[in-house]
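Each chain, letter by letter, is given below.
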Amino acid sequence: MKNYDLIVIGMGPAGMAVSAMGVSMGLNVLSIERRKIGGECLNCGCIPSKALLKGAEAFHGLKRLSSYGIDIDADILKISPMSVVRDKIDAINSKKTMKMFEKVSLVSGEAVLDGPDAVRVNGRTYRGKRIFIATGTSPAIPPIPGLKDLPDILTNENLFQLEEIPKSMTIIGGGAIGSEMGQAFARLGTNVTIVHMDPHLVPTGDEAAGCLLEKVMVEEGVTVRNSASIDRVEKRDGSFFLYSGDDVFESEKLLVAAGRVPSISGLRLGEIGVNHDKKGISVDQRMRTSVKNIYAVGDCNGQYLLSHAAMHQGMLAFMDALSPFSLPWTCRDRYVVPWAVFTEPEIAQVGITEKEASKRGLNYDVCEKKYSSYGRTVADGHPEGFVKIIVGKSGKILGATVVGEGASELIQEWTMAIQDRRRMTHIMMTQHPFPSVGTINKMVAEEWMMSKMRSPILGKLARFILR
Ligand SMILES: Cc1cc2nc3c(=O)[nH]c(=O)nc-3n(C[C@H](O)[C@H](O)[C@H](O)COP(=O)(O)OP(=O)(O)OC[C@H]3O[C@@H](n4cnc5c(N)ncnc54)[C@H](O)[C@@H]3O)c2cc1C
Ligand SMILES: NC(=O)c1ccc[n+]([C@@H]2O[C@H](COP(=O)([O-])OP(=O)(O)OC[C@H]3O[C@@H](n4cnc5c(N)ncnc54)[C@H](O)[C@@H]3O)[C@@H](O)[C@H]2O)c1
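Since the structure is predicted, the reported quantities are computational estimates derived from the model, not experimental observations.

(A) Looking closely at the pairing of strand β23 (residues 397–404). Summarising burial for β23: seven of the eight residues are buried, a large majority. Across six bridges, strand β20 (residues 346–351) lies against β23 in antiparallel orientation. For glutamate 346, the partnering residue across the bridge sits in β23 and is glycine 404. For strand β22 (residues 386–392) and β23, the ladder comprises six bridges, and the chain directions are antiparallel. Looking at the pairing, valine 387 lines up with valine 402 of β23. Counted along the chain from β22 to the antiparallel partner β23, the turn is four residues long, and its residue glycine 395 has a positive phi close to 90 degrees.

Now the structure itself:
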């Protein structure tokens, strides 16, 4: 039996973060992956979806050139973005694999736990001083009559293997995947229908954000059915049929993007005593499981289903694994988790939403600035969007929603502000290069300040000083 300092199961963002830190410190690391290095994120998640969105954006931009006073006379000869997406993934994959795994012992195969300090793969057992489970998730297939046994449905796992852009696609799910892929395929010529049970697109976020995205997507030709209950689905004569109340949607392809389930069933967690439930492996603030020296990082613990959160957890768990005692900065809840959906307009969120603030009965102000009121975003041809900040009474920033051009970048300033417990005055007193899109962050803080300056006492004081 071979001994290692660290054994890492799963080579997605979480597992790669642990492995990279381990080898950089000169540790003896065994990394195990059953499919492809890079995990869901690189192979069938973040990266291919963003590559496809970029192709769709370029094509959409071409059709909108006249809005900038430019008319071109071009014939579209061929549209085959799917192979370009795959080529990009292959290029990233080979670079990543070569660079990182020069020093890691990499085994290809399905790992199972073989004791509290041992892992079995391809019939061999390896012992590790610390074990990190980073096995991610798989697409959830909701219990809709007819769905489970339907042949040829699409999920993120086979979507990027399509050769052609389909003529029509029904998507079950209006969350992050359904919205991003709905817009990408619609822009590339697919007749897209999104059917989901939540009241607005991107339901984990702000309602107005989801409604604005819906408005833009509907204008681009997407059909959206919110709060829908799906009665059944079937495939007949080569087409998919989705029945929802009086609606029947027929399409060439059916994409299921209805949430995730943790990939943990084959790990023998129960036998080893690793507590888990249907959301994932139970962990504490430092990603420690119920078994000493076994950690569960990334999506497999069900805490956040995001790549950056997965990598961050890998880092925290690694630091904890090498610490003789619990360090305060390895505690997950010290850090806020922003997210962004890369549609056009983008939707980004950090901290609490307006709805959550109201539900919790907090004493807060809502401060909002529309993109349509800022010269730069109007001049860019992107007037759709807003920055909405949930502000505590003393100016403490509780949450931020940014919708529009550059939202995924603009959210970073609010993320740092919330994490470092900054107030609106800090954003207002920070100079932003004009006319960057990010200046709108400062503008919303200025607006908050102005609202505070409207106080009768301050007015009286100003008049007294100027008397
Ligand atoms: C279409 C799509 C788009 C997305 N876009 C974004 C985005 O823009 N931004 C963002 O932050 N997040 C995005 N996500 C989510 C992101 O992909 C995940 O949060 C991230 O990949 C989680 O990383 P992970 O390391 O926990 O797990 P994964 O990336 O799922 O990796 C787990 C790895 O473990 C392997 N594995 C599983 N079981 C075993 C076993 N028993 N033995 C060996 N290996 C095993 C799997 O094969 C896999 O490679 C997207 C997801 C999808 C589906
Ligand atoms: N840009 C990003 O950061 C990004 C992009 C894609 C995915 N992701 C991650 O991947 C995860 C999974 O994404 P997702 O879009 O699959 O899930 P999601 O949780 O974001 O959305 C699930 C959607 O499926 C619908 N749904 C679920 N069950 C249904 C049913 N029985 N009938 C009708 N509708 C149903 C919901 O109403 C909702 O619209 C997300 O949690 C997200 O963290 C992130």
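(B) Structural view of the site of ligand 2. Taken together, 23 residues lie near ligand 2, and Gly174, His196, Asp198, Leu305 and Ala340 sit nearest. Measuring from an oxygen atom of ligand 2, one finds a backbone N or O atom of isoleucine 177 at 3.0 Å. At a separation of 2.9 Å, an oxygen atom of ligand 2 approaches a polar backbone atom of glycine 259. Look at ligand 2: alone it shows 840 Å² of surface, and the protein chains cover 80% of it. Mapped by element, the contributors of at least two residues to the shell around ligand 2 are α6 (176–187) and β19 (339–341). No other element matches α6, which puts three residues into the shell around ligand 2.

(C) Here's a closer look at the pattern of salt bridges. The tally for this structure, following the rule as stated, stands at 30 salt bridges. Between lysine 50 and glutamate 180 there is a salt bridge, and its shortest N-O distance comes to 2.8 Å. Of this pair, lysine 50 sits in helix α3 (residues 46–63) while glutamate 180 is found in helix α6, placing the two residues 130 residues apart along the sequence. For the salt bridge of lysine 235 with aspartate 152, the shortest nitrogen-to-oxygen distance reads 2.8 Å. Of this pair, lysine 235 sits in strand β11 (residues 232–236) while aspartate 152 sits in the loop between β7 (137–139) and α5 (156–159), and the two are 83 residues apart along the sequence. Taken together, the shared-partner salt bridges in this structure form one network comprising Asp284, Arg286, Arg288 and Asp320.

(D) Main features of the sheet that holds strand β10 (residues 223–225). Across the sheet, which stays open at both edges, the four strands sit in the order β10-β9-β8-β14 with parallel pairing between neighbours. The outermost strands of the open sheet, each flanked by one partner alone, are β10 and β14 (253–256). Across the sheet, the axes of successive neighbouring strands diverge by a mean angle of 15 degrees, strand direction being ignored. One ladder, built from four bridges, connects strand β8 (residues 168–172) with β14; its direction is parallel. Bridging across to β14, methionine 169 finds its partner in lysine 253. Each of β8, β9 (191–195) and β14 is contacted by α6, which is oriented at about 165 degrees to β9, the strand it contacts most.

(E) Geometry of the side chain of histidine 60. Relative to the assigned elements, histidine 60 resides in helix α3. Overall, histidine 60 belongs to the buried group, its relative accessible area being 15%. With sequence-adjacent residues up to four places away left out, histidine 60 is seen in contact with Arg187 and Glu220.

(F) Representation of the confidence of the model for the protein in the model. For the protein, per-residue confidence averages 95 on the pLDDT scale, and 98% of positions sit at 70 or higher. Per the prediction output, this complex has pTM 0.97; the corresponding ipTM is 0.99.

(G) Just the environment of leucine 213, in detail. Assignment of secondary structure puts leucine 213 in helix α7 (residues 207–219). Given a relative accessible area of 0%, leucine 213 falls into the buried group. Along the primary structure leucine 213 and aspartate 87 are separated by 126 residues, whereas in three dimensions their C-alpha atoms are 30 Å apart. Residue contacts for leucine 213: discarding those within four places in its chain leaves Ser179, Leu201, Val202, Thr343, Glu344, Pro345 and Ile347.

(H) Local environment of the site of ligand 1. Not every one of the 38 residues close to ligand 1 is listed here, only the nearest: Glu33, Glu40, Lys50, Asp299 and Ser307. Within the backbone of arginine 34, a nitrogen or oxygen atom sits 3.2 Å from a nitrogen atom of ligand 1. Between alanine 134 and ligand 1, the recorded distance is 3.5 Å, taken from a backbone N or O atom to an oxygen atom. Secondary-structure elements contributing two or more residues to the shell around ligand 1 are α1 (13–24), β2 (29–33), α2 (39–44), α3 and α9 (307–321).

(I) Region of the structure containing a nonpolar patch on the surface. On the surface, Met453, Leu458, Leu461, Phe464, Ile465 and Leu466 cluster together to form a nonpolar patch covering roughly 660 Å² of accessible area. Within the secondary structure, leucine 466 sits in the segment after α15 (456–465). Overall, leucine 466 belongs to the exposed group, its relative accessible area being 71%.

(J) A look at the nonpolar core. With 37 residues, the main nonpolar core has Leu52, Leu159, Phe160, Met181, Phe185 and Ile347 as its most contacted residues. For this core, the secondary structure elements donating two or more residues are α3, α4 (81–100), β8, α6, β9, α7 and β19. Here this core takes five residues from α3, the largest share from any one element. Val387, Ala417, Met424 and Ile440 belong to the second largest nonpolar core, which has 27 residues in total.

(K) Looking closely at unusual backbone geometry. A cis amide bond links glutamate 344 with the next residue in sequence, proline 345, at an omega value of 5 degrees. One can find proline 345 in the loop between β19 and β20. Cis geometry is found at the peptide bond from phenylalanine 434 to proline 435, where omega equals 0 degrees. Along the chain, proline 435 turns up in the loop between α13 (424–428) and α14 (439–453). Within the chain, valine 202 stands out as a residue other than glycine whose phi angle is a positive 45 degrees. Looking at the secondary structure, you find valine 202 in the loop between β9 and α7. Using a relative accessible area of 3% as the deciding quantity, one classes valine 202 as buried. The residue aspartate 237 is not glycine, and still its phi comes out positive at about 50 degrees. By the secondary structure assignment, aspartate 237 is in the loop between β11 and β12 (239–244). Aspartate 237 sits in the exposed class, given a relative accessible area of 77%.

Conventions we followed
- Residues numbered from 1 in each chain as written.
- Chains lettered and ligands numbered in written order.
- Predicted model: local features only at pLDDT ≥ 70, side-chain atom pairs only at ≥ 80, totals over all residues.
- Heavy atoms only, no water.
- Buried < 20%, exposed > 50% of the residue type's maximum accessible area, 1.4 Å probe, protein only.
- Helix = DSSP H or I, 4+ residues; strand = E, 2+ residues; numbered from the N terminus.
- Pairing = 2+ DSSP bridges.
- Near = heavy atom within 4 Å.
- Polar contact = N/O pair within 3.5 Å; in protein donor to acceptor, adjacent residues only side chain to side chain.
- Areas by Shrake-Rupley, 256 points an atom, 1.4 Å probe, with all protein chains shown as cover.
- Salt bridge = Lys/Arg side-chain N within 4 Å of Asp/Glu carboxyl O.
- Axes fitted to C-alpha atoms, helices over the stretch in contact; angles between N-to-C directions.
- Contact = heavy atoms within 4.5 Å.
- pLDDT = per-residue confidence, 0-100.
- Patch = residues over 30% accessible without salt bridge, like charges linked within 9 Å, V, L, I, M, F, W, Y side chains within 5 Å.
- Core = buried A, V, L, I, M, F, W, Y, C linked by side-chain atoms within 4.5 Å.

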